[in-house]
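Close look at the chain arrangement
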Amino acid sequence: MDPGRCPEARNRPESMRFFHRTMTGAPGQIVRDRRPVSRRFLLQSGGVAATGILLGIRGAAGAEANAPTGRRPTTLDPDYFKGMYATESDPWKFATSPYERDKYAATLAALPRTHYASALDVGCSIGVFTHQLCPRCDALIGLDVVPSVLDAARARCADCPNARFMLAAVPGTWPAGQFDLIVISEVAYYLDRPDLARLVARVEGAVLPEADIVLVHWLGVTHYPLSGDDAAEGFIAGARDFARVLTQARTAEYRLDVLRVTKPGASSGR
Ligand SMILES: C[S@@+](CC[C@H](N)C(=O)[O-])C[C@H]1O[C@@H](n2cnc3c(N)ncnc32)[C@H](O)[C@@H]1O
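This section reports on the structure supplied with the text. As the structure is a computational prediction, the values presented were derived from the model and not from experiment.

**With respect to the overall build of the protein chain**
When helices and strands are tallied, the protein chain shows 10 helices and 9 strands. Counting every position in the protein chain, which comprises 270 residues, the buried fraction comes to 46%. Nonlocal contacts in the protein chain, meaning residues at least 24 apart in sequence, comprise 64% of its contacts between residues at least 6 apart.

So, in structure tokens, the structure goes:
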């Protein structure tokens, strides 16, 4: 269902994880476990069709065919994520995994400013990072496509009166308002290229002058429409007329790009 950045694979017993990864990559593709300590290189002999048959994968995550590249050709549907959260409240282990803990710490450390007036956390999930970001903002909106995670995020951020949450699938739905910080963490690669371009346009229309835009993306093999690098580079290229790269960091697992809006009055143009 979700090779690489894959809750099902990562949070199940090793044997299941091994099997899952063996079967879910594109034919001939080498799939890597996301955790360095258990890095395993598996030559793929099966494909998504075989996986679907063997694991009985169906419904939201199995309904769309993968492109010959092994990638979903179009933006992942909200039902894909609803299905993921249906069986586990924290499928990526945001609250407990060392990867997420370290990624959140690095993201917070990379923020160029100590404090923001108005922040947007796109794809906030159950609000683990959102909660950590709250003290750095006067106001904060978290949005996600899954209603149940927003309930969880609201509960987690109950001690943050400055935070509010919104059901939205970007780029189709977008909050009103203007922001001096927009965080897009592990979300842009779920979009196809046209939707990524629309997301960039949404961001351009919503950023205050000199706002910061933070992109974080896992770099492992997935079947998402875009790789982590393609998502980040595509965003950066699309935003070149209104934002420049301020800092970039790369670990074995993810990349973190911080952009600064350069266009005066960027949000007034659209
Ligand atoms: C991998 S989680 C990332 C959570 C958090 N941002 C982080 O970095 O830890 C991706 C989240 O984005 C949400 N999501 C996926 N596509 C989305 C879209 N088009 N609009 C808004 N949220 C989306 C999913 O429901 C999921 O909760």
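That covers the picture; the talk isn't over yet.
**Thoughts on helix H10 (residues 228–238)**
Among all positions in H10, only Gly228, Ala231, Ala232, Gly234 and Phe235 are buried. Buried residues of H10, viewed axially, fall in a sector of 165°; they line one side.

**Examining the environment of Asp195**
Tracing the backbone shows Asp195 in helix H9 (residues 193–206). Along the chain, Asp195 and Gly172 lie 23 residues apart, while their C-alpha atoms are 8.4 Å from each other. Leaving out residues up to four positions away in the same chain, Asp195 has contacts with Thr75 and Pro171.

**Looking at the pairing of strand S6 (residues 179–185)**
With 7 of its 7 residues buried, S6 lies for the most part within the structure. The pairing of strand S3 (residues 116–122) with S6 spans 4 bridges and is parallel. When the bridges of S6 are listed, Leu120 appears paired with Ile182. Running through H9, the crossover from S6 to the neighbouring parallel element strand S7 (residues 207–218) is right-handed.

**Quick notes on the site of the ligand**
By nearness alone, 22 residues border the ligand, and Phe81, Gly123, Ser125, Ser185 and Glu186 come closest of all. Across the shell around the ligand, the residue classes tally to 16 nonpolar, 3 polar and 3 charged.

**Considering the environment of Thr114**
Structurally, the position occupied by Thr114 is in the loop between helix H6 (98–110) and S3. Overall, the presence of 6 C-beta atoms within 10 Å leaves Thr114 in the exposed class. Here the alpha-carbon distance between Thr114 and Cys137, two residues 23 residues apart in the chain, equals 8.7 Å.

**Looking at the pairing of strand S4 (residues 137–144)**
Most of S4 sits out of view: 6 of its 8 residues are buried. Across 6 bridges, S3 lies against S4 in parallel orientation. Across the sheet, the residue bridging to Ala119 is Leu140, located in S4. For the crossover from S3 across helix H7 (residues 128–133) to S4, the handedness is right-handed. Bridge count between S4 and strand S5 (residues 163–167): 5 bridges; the pairing is parallel. Bridge pairing in S5 links Ile141 to Arg164. Between the parallel pair S4 and S5, the chain is carried across by helix H8 (residues 147–156), and the sense of this crossover is right-handed.

**With respect to the packing of H9 against H10**
Packed helices, taken two at a time, are described by the angle their axes make and the gap between the axes. For the pair H9 and H10, the least separation of the axes is 9 Å and the interaxial angle reads 50°. In terms of axis orientation, H9 runs oblique to H10. Judged by the sense of rotation from one axis to the other, the crossing of H9 with H10 is right-handed. Contact residues: H9 offers Arg193, Leu196, Ala197 and Val200, while H10 offers Ala231, Gly234, Phe235 and Gly238.

Conventions and cut-offs
- Residues numbered from 1 in each chain as written.
- Predicted model: local features only at pLDDT ≥ 70, side-chain atom pairs only at ≥ 80, totals over all residues.
- Helix = DSSP H or I, 4+ residues; strand = E, 2+ residues; numbered from the N terminus.
- Buried ≥ 20, exposed ≤ 12 C-beta atoms within 10 Å, placed from the backbone.
- Contact = placed C-beta atoms within 7 Å.
- Arc of directions from axis to C-beta.
- Pairing = 2+ DSSP bridges.
- Right-handed = clockwise from strand over helix to strand, strands pointing away.
- Near = placed C-beta within 6 Å.
- Nonpolar A, V, L, I, M, F, W, Y, C, P; charged D, E, K, R; others polar.
- Axes fitted to C-alpha atoms, helices over the stretch in contact; angles between N-to-C directions.
- Parallel < 35°, antiparallel > 145°, perpendicular 65-115°, else oblique.
- Left-handed = near helix turned anticlockwise from the far one by under 90°.

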